[in-house]
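An overview of the molecular structure
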Amino acid sequence: IMSSRTFFVGGNWKMNGDKKSLGDLITTLNTASLNDETEVVCGAPTVYLDFARSNLDARIGVAAQNCYKVAKGAFTGEISPVMIKDCGVEWVILGHSERRHVFGESDELIGQKVAHALESGLGVIACIGEKLEEREAGTTEEVVYAQTQAIADNVKDWSKVVLAYEPVWAIGTGKTASPEQAQEVHEKLREWMKANVSEAVADSVRIIYGGSVTGANCKELGSQNDVDGFLVGGASLKPEFVDIINARA
Ligand SMILES: *[C@@H]1O[C@H](CO)[C@@H](O)[C@H](O)[C@H]1NC(C)=O
């Protein structure tokens, strides 16, 4: 039996595209037949947030890929949730592994960003995931629990949070967690939520999978009980993203 949680498919364009190629992608998405029971959100580069929101159909959400932990001030190069909202954008991706491991963001900073983004009225796609050496050392649970704790400590209203489990070894590597590997971690995260947050939140929170999701593997991944959608990298820039959105159709 499928859960009552609305399937959620996020695209993370990362630092890719230009007005021409993203415009073409937006046209593809606007004119595609999309499962209307799936919530779709595209994560655009900061400079294209306004462009994406202005051009994407209203049925498709837009997310920023990062933001800072305060509303305004002397923080050269940063953007705030209030600015994101001012562009009509309703989501932000926080704690992505590239923010953690390329730009050195700590659990503490990510937690502060989550708190401020939620207080500002944005929805948050909060990312967690273990590195290859952590999986091989058998510390996957320990790592993702600690990351989830740092997020959970900063959440009052879980209805605006989607948790994205993205094993770092599967991001952009072409290596995908098997459906069983994804389900195993998602199920443990839901048990963690039940024990450490509440049963109601555990039942309702969307836990989505990220890491080399493609049109070819999305149906099997998306049929797992505790996989409530995807955060898609490379394939979200291709027409194939439509097949992923329609994984449960
Ligand atoms: C509750 O959280 C603690 C700390 O992360 C963790 O050790 C424990 O396993 C969690 N409970 C469950 C049932 O997951």
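No experiment lies behind these values; they were computed from the predicted model shown. (Residues numbered from 1 in each chain as written. Predicted model: local features only at pLDDT ≥ 70, side-chain atom pairs only at ≥ 80, totals over all residues. Heavy atoms only, no water.)

If you walk through the whole model with that rule in mind, you get 16 salt bridges. Its salt-bridge partner being Lys-14, residue Glu-98 comes within 2.8 Å of it at the nearest N-O pair. On the criterion of sequence distance, the pair formed by Glu-98 in helix H4 (residues 97–101) and Lys-14 in the loop between strand E1 (7–12) and helix H1 (19–31) is long-range, its members being 84 residues apart. Classification of Glu-98 by relative accessible area gives partly exposed; the value is 28%. A salt bridge links Lys-113 to Glu-105, with the nearest nitrogen and oxygen atoms 2.8 Å apart. When salt bridges with common partners are traced through the structure, they connect Arg-5, Arg-190, Asp-226 and Asp-228 into a single cluster. (Salt bridge = Lys/Arg side-chain N within 4 Å of Asp/Glu carboxyl O. Helix = DSSP H or I, 4+ residues; strand = E, 2+ residues; numbered from the N terminus. Buried < 20%, exposed > 50% of the residue type's maximum accessible area, 1.4 Å probe, protein only.)

This part takes up the packing of aromatic side chains. A complete count under the given rule lists 6 aromatic pairs for this structure. Relative to Phe-51, the ring of Tyr-48 has its centre 6.3 Å away and its plane inclined at 65 degrees; by these criteria the two rings are edge-to-face. Plain terms: the ring middles of Tyr-165 and Tyr-209 are 6.5 Å apart, the flat faces sit at 55 degrees to each other, and that makes the pair tilted. Note that Tyr-165 is positioned in strand E6 (residues 161–165) and Tyr-209 in strand E7 (residues 206–210), a separation of 44 residues in sequence. The burial state of Tyr-165 is the same as that of Tyr-209; both residues are buried. (Phe/Tyr/Trp six-rings, centres within 6.5 Å; stacked < 30°, edge-to-face > 60°.)

On to the pairing of strand E4 (residues 91–94), then. Burial along E4 is two-sided: Trp-91 and Ile-93 and Val-92 and Leu-94, pointing in opposite directions, are all buried. Here strand E3 (residues 60–64) pairs with E4 via 2 bridges, running parallel. Note on E4: the bridge partner recorded for Ala-64 is Val-92. The handedness of the E3 to E4 crossover, carried by helix H3 (residues 81–86), is right-handed. Taken together, the 4 bridges between E4 and strand E5 (residues 123–128) define a ladder with parallel strand orientation. (Pairing = 2+ DSSP bridges. Right-handed = clockwise from strand over helix to strand, strands pointing away.)

All quantities given are derived from atomic positions and should not be read as evidence of function.
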